[in-house]
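Overview (structure and organization)
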Amino acid sequence: ENATISCGDFYTYDVSLELASPSLRGLPSLLPSCGECNDLVAAIVHLYLAIAEFQVSFMSSSQMMFFNDACLQLLRAFAQMGGEDGAKTVTGLLFKDLHEQYLRDNLLSLLQLLLHLARKDVADFAIESGSGVLDVAEVVLFGLSIVQPLITPDTLQHPPLATEFFGLLGWLVETYPQKVSVMPREKLEPIMACLSHGLQQPDSDVARVSVEAIDALATHQIGTMQPDGSYLIRAQHPTMLTFFLQGILETLLFRQFNRGVLEAFCDALHSLMWCEQAQFASLMTQVLESQTTVSQRNEVQRATTQLLSVISASGPAVQRSAKLQFRKHMREFLGSVRPFLVKL
């Protein structure tokens with residue numbers, strides 16, 4: 001009986017997708033002419049989201065290829081709404097004077113759709129297109145380029161939207177650090193700015209996802225390091241990891257933060273220090289010079305020297321044992337210097 005029900009479920013999902021296929025092919029072409037018909041746009045997006053949420057897990061590889069392509073066409077149509085300047089038009093036309101309900105119904109739905117695509121087994125994602133093979137990362141990156149102009153500190157005040165957006169960024173960076181490392185500056189900088197914003201959020205889940213993404217990106221660079229100290233992302237973004245190193249270090253030393261994310265922050269700092277030891281030493285020198293008493297300066301210097309020696313003696317930051325050892329020493333470091341540090 002259970003086997004019969006299971007087979008029936010799969011049959012139902014196959015039939016449902018087959019019935020929806022003509023709509024999935026045709027609906028994207030309607031979007032550019034929808035104008036300000038917000039309810040119609042929302043209904044179209046929700047159709048794709050419903051299929052992604054309830055049927056993606058049951059799709060075969062060929063069905064996923066079709067649905068992946070259908071979502072790409074939807075995103076392209078979204079970008080073309082209103083004419084030439086795609087993303088700007090979407091921002092100006094669809095999302096002008098947004099009230100909270102419309103924001104939830106459209107921007108959040110697009111993020112959820114991208115996340116459902118992202119969470120599907122990557123092995124299923126390889127569609128043949130006119131320009132060759134297009135994988136899910138490219139689809140998600142294209143979708144992200146559309147929604148990125150709409151992501152502001154104000155929109156991120158909506159907890160569901162913030163959770164979905166940072167979850168999407170985390171997946172992208174952790175799963176495809178190579179692609180992210182070679183992204184053009186104009187596309188990568190908004191993503192990195194959002195991750196930096198996420199580090200400072202009181203929501204521990206958002207902060208954890210952000211710092212884990214940074215850790216994944218820095219860890220990937222360790223495997224690309226050259227004898228001269230250069231690494232992959234530095235070619236196009238020479239100060240990117242230094243920017244994150246400074247932000248995480250300032251958070252750990254000077255700011256109030258959720259202790260539930262301390263280990264994640266330590267792991268990211270460890271990876272960043274492996275790539276930028278000289279920058280870490282320089283930042284700590286600034287901290288040392290800001291102290292008002294000799295005893296405080298001596299303590300900062302002692303603790304910094306000891307922490308750097310741990311980095312030199314331990315294995316690469318890609319090793320689990322090295323990260324665990326660094327966490328222990330970082331707690332001792334913070335315990336010895338954080339109580340009296342003074343930020344200029």
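Refer to the structure above for everything that follows.
These remarks concern the structure in this document.

When helices and strands are tallied, the chain shows 15 helices and two strands. Put simply, of all contacts in the chain between residues at least 6 apart along the chain, 75% involve residues at least 24 apart. Here the chain displays about 16100 Å² of accessible surface, and carbon together with sulfur accounts for 54% of that area.

Let us look at helix α12 (residues 262-275). The end-to-end C-alpha distance of α12 is 20 Å, a good match for the 20 Å that 14 residues give at a rise of 1.5 Å each. With 12 of its 14 residues buried, α12 lies for the most part within the structure. Of the surrounding secondary structure, the elements contacted by the buried residues of α12 are α9 (185-199), α10 (204-222), α11 (240-254), α13 (277-289), α14 (294-313) and α15 (320-337).

Before going further, it helps to examine the pattern of salt bridges. Side chains bearing opposite charge may pair, as long as their charged atoms lie close to each other. Inspection of the entire model under this criterion finds 10 salt bridges. Arginine 255 is paired through a salt bridge with glutamate 250; the nearest N and O atoms lie 3.2 Å apart. By relative accessible area, which is 27% here, arginine 255 ends up partly exposed. We note a salt bridge from glutamate 299 to arginine 302, for which the minimum N-O separation is 2.6 Å. You can see glutamate 299 and its partner arginine 302 sitting in helix α14, three residues apart, about one turn around the helix. Connected through shared salt-bridge partners, Glu263, Asp267, Arg327 and Arg331 make up one network.

The next subject is the packing of α9 against α10. Each packed pair of helices is defined by two parameters, the angle between the axes and the distance between the axes. Close contact between α9 and α10 brings their axes to 7 Å; oriented N to C, the two are set at 130°. Between α9 and α10, the angle is such that the two are oblique. When you trace α9 past α10, the crossing you get is left-handed. Here α9 contributes Met192, Leu195, Gly198 and Leu199 to the contact with α10, which in turn contributes Val206, Ala207, Ser210, Val211, Ala213, Ile214 and Leu217. Grouping the constituent residues of the contact of α9 with α10 by class yields nine nonpolar, two polar and no charged.

The periodicity of an α-helix, 3.6 residues per turn, causes residues three or four positions apart to be oriented the same way. Between its first and last C-alpha, helix α2 (residues 38-55) extends 25 Å over 18 residues, near the 26 Å set by a 1.5 Å rise per residue. Listing the buried residues of α2 in full gives Val41, Ala42, Ile44, Val45, Tyr48, Leu49, Ile51, Ala52 and Gln55.

Right, let's talk about the packing of aromatic side chains for a bit. Across all of its chains, the model carries four aromatic pairs by this definition. Taking the centre distance of 5.6 Å and the plane angle of 70° together, the rings of tryptophan 171 and tyrosine 176 count as edge-to-face. Taking the relative accessible area as the measure of exposure, tryptophan 171 reaches 14% and is therefore buried. With a relative accessible area of 12%, tyrosine 176 lands in the buried category. With a centroid separation of 6.2 Å and an interplanar angle of 20°, the aromatic rings of phenylalanine 257 and phenylalanine 265 are classed as stacked.

We now examine the environment of leucine 217. Following the sequence through the fold, leucine 217 ends up in helix α10. Here leucine 217 falls in the buried class, since its relative accessible area comes to 1%. Separated by 37 residues in the primary sequence, leucine 217 and valine 180 place their C-alpha atoms 8.1 Å from one another.

Inspection of the secondary structure puts serine 210 in helix α10. A distance of 2.9 Å separates a polar atom in the side chain of serine 210 from the backbone oxygen of valine 206. In this view, serine 210 contacts Phe166, Leu195, Gly198 and Leu199; residues no more than four positions away in its chain are not counted.

Attention shifts here to the environment of leucine 72. Looking at where leucine 72 falls in the secondary structure, it is placed in helix α3 (residues 61-80). Sequence separation of leucine 72 and valine 136 is 64 residues, and the distance between their C-alpha atoms is 9.5 Å.

Along the chain, proline 177 falls in helix α8 (residues 177-181). Take proline 177: its relative accessible area is 13%, and that puts it in the buried class. In sequence terms proline 177 and alanine 218 are 41 residues apart; their C-alpha atoms lie 8.8 Å from each other. The contact partners of proline 177, leaving out residues within four places of it in the chain, are Leu172, Ala216, Leu217 and His220.

What counts and what doesn't
Residues numbered from 1 in each chain as written. Predicted model: local features only at pLDDT ≥ 70, side-chain atom pairs only at ≥ 80, totals over all residues. Heavy atoms only, no water. Helix = DSSP H or I, 4+ residues; strand = E, 2+ residues; numbered from the N terminus. Contact = heavy atoms within 4.5 Å. Areas by Shrake-Rupley, 256 points an atom, 1.4 Å probe, with all protein chains shown as cover. Expected span 1.5 Å × (residues − 1). Buried < 20%, exposed > 50% of the residue type's maximum accessible area, 1.4 Å probe, protein only. Salt bridge = Lys/Arg side-chain N within 4 Å of Asp/Glu carboxyl O. Axes fitted to C-alpha atoms, helices over the stretch in contact; angles between N-to-C directions. Parallel < 35°, antiparallel > 145°, perpendicular 65-115°, else oblique. Left-handed = near helix turned anticlockwise from the far one by under 90°. Nonpolar A, V, L, I, M, F, W, Y, C, P; charged D, E, K, R; others polar. Phe/Tyr/Trp six-rings, centres within 6.5 Å; stacked < 30°, edge-to-face > 60°. Polar contact = N/O pair within 3.5 Å; in protein donor to acceptor, adjacent residues only side chain to side chain.

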